Amino acid sequence: MLDRLFRSQGPNVDLHCHSVVSDGTLAPTDIVERAHRNGVHVLALTDHDEVGGLADAQARAEAIGLRFVPGVEVSVTWGGETIHIVGLRIDYRDPELLAGLERTRTGRDGRAQEIAASLAAAGIPDAYEGALRYAGNPELISRSHFARYIVETGTCETVDEVFRRFLVEGKPGFVPHRWAKLPDAVGWIRAAGGVAVMAHPGRYRLSDLCMDEMLREFVDAGGQGIEVVSGSHTPDQYCEYAAVAQRFGLAASRGSDFHGPGESRHDLGSLPPLPKSLTPVWHDWPEVAALERR
Ligand code: AMP
Ligand code: MN
Ligand code: MN
Ligand code: MN
């Protein structure tokens, strides 16, 4: 049913999700199989600052006949705010990209120890060890792993509740961090032959003026796309960022930002299609054109 619905509106393309290689809860191969079962025709795996799951995911996708797009989601600091840039159709063996991602990952462990110290002072001890147990990749310990541990302790009932009471600015467990620079992240993605896409712009706490300045810098650095239909957006924000995409001449992307069953509001491939007025980021991708001709 889901499959037929999206067929009538073009292929079901999901270009944003996570595996245990970053802060998702499923293995890369399980992500691919779940996407296939959900009727996704084209899938990108976009782990945070890591490409370690792409080879396995690509091999499984080829075996089951799902079109796979190698991706990554790079953490960036711009104007004191954390911004995420998705890279799509990257050559994940490119040395410049790999070196950039490695540098972006290096601060995570020290930050995790500071997060744990702050949580201990707020009455939640042993959070570093606790979070590490949830991290499939010790180089990629993230706030999501702390959130799962805090739920385990019984302090909060859900990960959402953790992110309201802890780990965000002004709350215990928040540690400011400097990620990659915006032009560097876009440069690594472009150097690896990829398309740089602004992830979930609706999540950033930037004034309209700052958002425009940030997007202008993104375009000037070589950014080409923006997520419009995202698991991190409300339906109102689909419209808001459709207008932004047009205003900046950016191609539009669609991605669930799925992290795992029971944790994400939107499953792989379950979001509405892009508004017809937009140019999809995949408009010139041969793997999608082949599907549309069928
Ligand atoms: P980090 O890269 O360690 O700062 O962790 C960021 C990750 O935390 C994001 O990619 C999300 O998966 C998760 N996250 C951030 N804010 C929230 C929130 N309000 N609710 C649920 N998950 C969140
Ligand atoms: Mn995440
Ligand atoms: Mn993100
Ligand atoms: Mn994401």
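Our structure's up above, just so we're on the same page.
What you see is a predicted model, and the numbers here were worked out from it, not measured in a lab.

1. Focus on the pairing of strand β7 (residues 251-255)
For β7, the tally of buried residues reaches five of five residues, placing the bulk of the element in the interior. Alternating residues of β7 divide into Ala251, Ser253 and Gly255 and Ala252 and Arg254, and every residue in both groups is buried. Two strands pair when backbone bridges link them, and strand β6 (residues 225-230) and β7 are joined in this way by five bridges, in the parallel orientation. Looking at the pairing, Ile226 lines up with Ala252 of β7. Between β6 and its parallel partner β7, the chain crosses via helix α11 (residues 235-248), and the hand of that crossover is right-handed.

2. As for the packing of helix α2 (residues 28-37) against helix α3 (residues 54-64)
Axis separation between α2 and α3 bottoms out at 8 Å; the angle between their running directions is 35°. Crossing handedness for the pair α2 and α3: right-handed. Facing Pro28, Thr29, Val32, Glu33 and His36 of α2, the residues of α3 in contact are Asp56, Ala57, Arg60, Ala61 and Ile64. Across the contact of α2 with α3, the residue classes break down as five nonpolar, two polar and three charged.

3. As for unusual backbone geometry
Look at Asp126: it is not a glycine, yet its phi comes out positive at around 60°. Relative to the helices and strands, Asp126 is located in the loop between α5 (108-121) and α6 (127-134). One non-glycine residue with positive phi stands out, namely Asp257, at about 60°. Structurally, Asp257 is set in the loop between β7 and α12 (286-293).

4. A look at the coordination of the manganese ion (ligand 4)
On the protein side, the manganese ion (ligand 4) has His16 (NE2), His18 (NE2), Glu73 (OE) and Asp257 (OD) as donor atoms, found 2.1 to 2.3 Å from it. All donor residues of the manganese ion (ligand 4) come from one chain, and their arrangement in sequence is H-x1-H-x54-E-x183-D. The distance between the manganese ion (ligand 4) and the manganese ion (ligand 2) comes to 4.5 Å. In this pair, His18 sits in the loop between β1 (13-14) and α2 while Glu73 sits in strand β3 (residues 67-78), placing the two residues 55 residues apart along the sequence.

5. Brief notes about the site of ligand 1
Around ligand 1 sit Asp23, His48, Arg108, Arg111, Ser142, Arg143, Ser144, Asp160, Phe163, Arg203 and His259, and those are all the residues in its vicinity. Contact distances for ligand 1 include 2.8 Å between an oxygen atom and a backbone N or O atom of Arg143. A distance of 2.9 Å separates an oxygen atom of ligand 1 from a polar side-chain atom of His259. When isolated, ligand 1 has an accessible area of 500 Å², and the protein chains bury 81% of it. Its atoms largely coinciding with the cavity grid, ligand 1 occupies the largest pocket. Elements with a contribution of two residues or more to the shell around ligand 1: α5, α7 (143-152) and α8 (159-165). Counting contributing residues, the shell around ligand 1 receives three or more from each of domain 1 (2-106 + 178-292) and domain 2 (108-165).

6. Here's the deal with the pattern of salt bridges
According to the stated counting rule, one finds 13 salt bridges in the structure shown. Across the pair Arg60 and Glu33 runs a salt bridge, and its minimum N-O distance is 2.3 Å. Here Glu33 lies in helix α2 and Arg60 lies in helix α3, a separation of 27 residues in the sequence. Between Glu161 and Arg165 there is a salt bridge, with the nearest N and O atoms lying 2.8 Å from each other. Of this pair, Glu161 and Arg165 both sit in helix α8, separated by four residues, roughly a single helical turn.

The rules behind the values
- Residues numbered from 1 in each chain as written.
- Chains lettered and ligands numbered in written order.
- Predicted model: local features only at pLDDT ≥ 70, side-chain atom pairs only at ≥ 80, totals over all residues.
- Heavy atoms only, no water.
- Buried < 20%, exposed > 50% of the residue type's maximum accessible area, 1.4 Å probe, protein only.
- Helix = DSSP H or I, 4+ residues; strand = E, 2+ residues; numbered from the N terminus.
- Pairing = 2+ DSSP bridges.
- Right-handed = clockwise from strand over helix to strand, strands pointing away.
- Axes fitted to C-alpha atoms, helices over the stretch in contact; angles between N-to-C directions.
- Left-handed = near helix turned anticlockwise from the far one by under 90°.
- Contact = heavy atoms within 4.5 Å.
- Nonpolar A, V, L, I, M, F, W, Y, C, P; charged D, E, K, R; others polar.
- Donors = N, O, S within 2.8 Å, 3.2 Å for Na, K, Ca; no water.
- Near = heavy atom within 4 Å.
- Polar contact = N/O pair within 3.5 Å; in protein donor to acceptor, adjacent residues only side chain to side chain.
- Areas by Shrake-Rupley, 256 points an atom, 1.4 Å probe, with all protein chains shown as cover.
- 1 Å grid on protein atoms, 1.4 Å probe; cavity = no way out; pocket = protein on both sides within 12 Å on 5 of 7 lines; lining within 4 Å.
- Sits in = over half its atoms within 2 Å of the grid points.
- Domains from an automatic or database assignment.
- Salt bridge = Lys/Arg side-chain N within 4 Å of Asp/Glu carboxyl O.

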